[in-house]
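# Structural overview for review
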Amino acid sequence: MTEAEYLKPLPKITDETRPFWDGAREGRLRMQKCCKCGHIRFPISFVCSKCLSYETEWVDLSGRGEVFSYIVFHQLYNKAFAKDIPYNVALVQLEEGPRMYSNVVDCANDDVKVGDKLEAVFVPVTPQVTLPKFRLASPPKK
Ligand SMILES: [Zn+2]
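Scope of this entry: the structure provided in the associated data block. Counting restarts for each chain, with residues numbered from 1 along the sequence as it is written. Selection of residues for local features in this predicted model requires a pLDDT of at least 70, selection of side-chain atom pairs for listing and counting requires 80 or more, and totals for whole chains, interfaces and linings are taken over all residues. Values shown for side chains rest on all heavy atoms present in the structure; no hydrogens or waters enter the calculation.

### Looking at the packing of aromatic side chains
In summary, the pairing rule links any two rings of Phe, Tyr or Trp, Trp by its six-membered ring, whose centres are within 6.5 Å, and it sorts them by plane angle into stacked for under 30 degrees, edge-to-face for over 60 and tilted for everything else. Scanning the model with the defined rule gives six aromatic pairs in all. Of the aromatic side chains, those joined through ring pairs into one cluster are Phe73, Tyr77, Phe81 and Tyr87. Over the face of the ring belonging to phenylalanine 68 we find arginine 99, whose NZ or CZ atom lies 3.6 Å from the ring centre. Ring-over charges, as used throughout, are those where CZ of Arg or NZ of Lys falls within 6 Å of the ring centre and within 35 degrees of the ring normal.

Following this line, the structure appears as structure tokens:
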């Protein structure tokens, strides 16, 4: 699907964010790690929020985390999401420390609970953009 055909909002990829998006396209969850104190920075930043160092390196994370919080959207705020209603938005507590917003996919919204273990999956939406999403590490037996 081209960017013109994909109607949902897309990230604006910049030189600062490109390693994150390149990693996602390669199936890797990458974030900045402070070279001075080791803090994993997210959102992406030019300065460490813990020690104010400007030195950073990009590292691969495990892709593992758990549901810190979530909500199920029933209200349509953007027409591009009409076919997805109702859909969940989860705040994922990553094993390495940061929290990120995403969706828990490949399950019913009712299957998502706070504390559920998650693993990252990567969903290509355009040739340039692959979105990191998450699935339950232990899906419920049906
Ligand atoms: Zn630091």
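### Observations regarding the coordination of the zinc ion
At this site the zinc ion is bound by Cys34 (SG), Cys37 (SG), Cys48 (SG) and Cys51 (SG), with donor distances of 2.3 to 2.4 Å. Donor criterion used throughout: N, O or S atom within 2.8 Å of the metal, extended to 3.2 Å for Na, K and Ca. Water excluded; incomplete-looking sites may result. Just to be clear on the cut-offs, tetrahedral is four donors with all angles between 85 and 135 degrees, square planar is four donors and octahedral six with opposite donors over 155 degrees apart and all others between 65 and 115, and anything else goes down as irregular. Geometry at the zinc ion is tetrahedral, judged from its four donor atoms and the angles of 102 to 114° they form at the metal.

### A few points about unusual backbone geometry
In the segment running from phenylalanine 42 into proline 43, the intervening peptide bond is cis, with an omega of 5°. Each helix corresponds to a stretch of at least 4 residues labelled H or I by DSSP, and each strand to a stretch of at least 2 residues labelled E; elements are numbered beginning at the N terminus. Topologically, proline 43 is positioned in the loop between β2 (40-41) and β3 (56-60). A cis amide bond links isoleucine 85 to the next residue, proline 86, at an omega of -10°. Turning to its location among the elements, proline 86 is positioned in the loop between β4 (64-73) and β5 (87-94). In this structure, leucine 52 takes a positive phi of about 70° despite not being glycine. Its identity as a non-glycine residue notwithstanding, aspartate 106 has a phi of 65°, on the positive side. Here aspartate 106 lies in the loop between β6 (99-102) and β7 (117-124).

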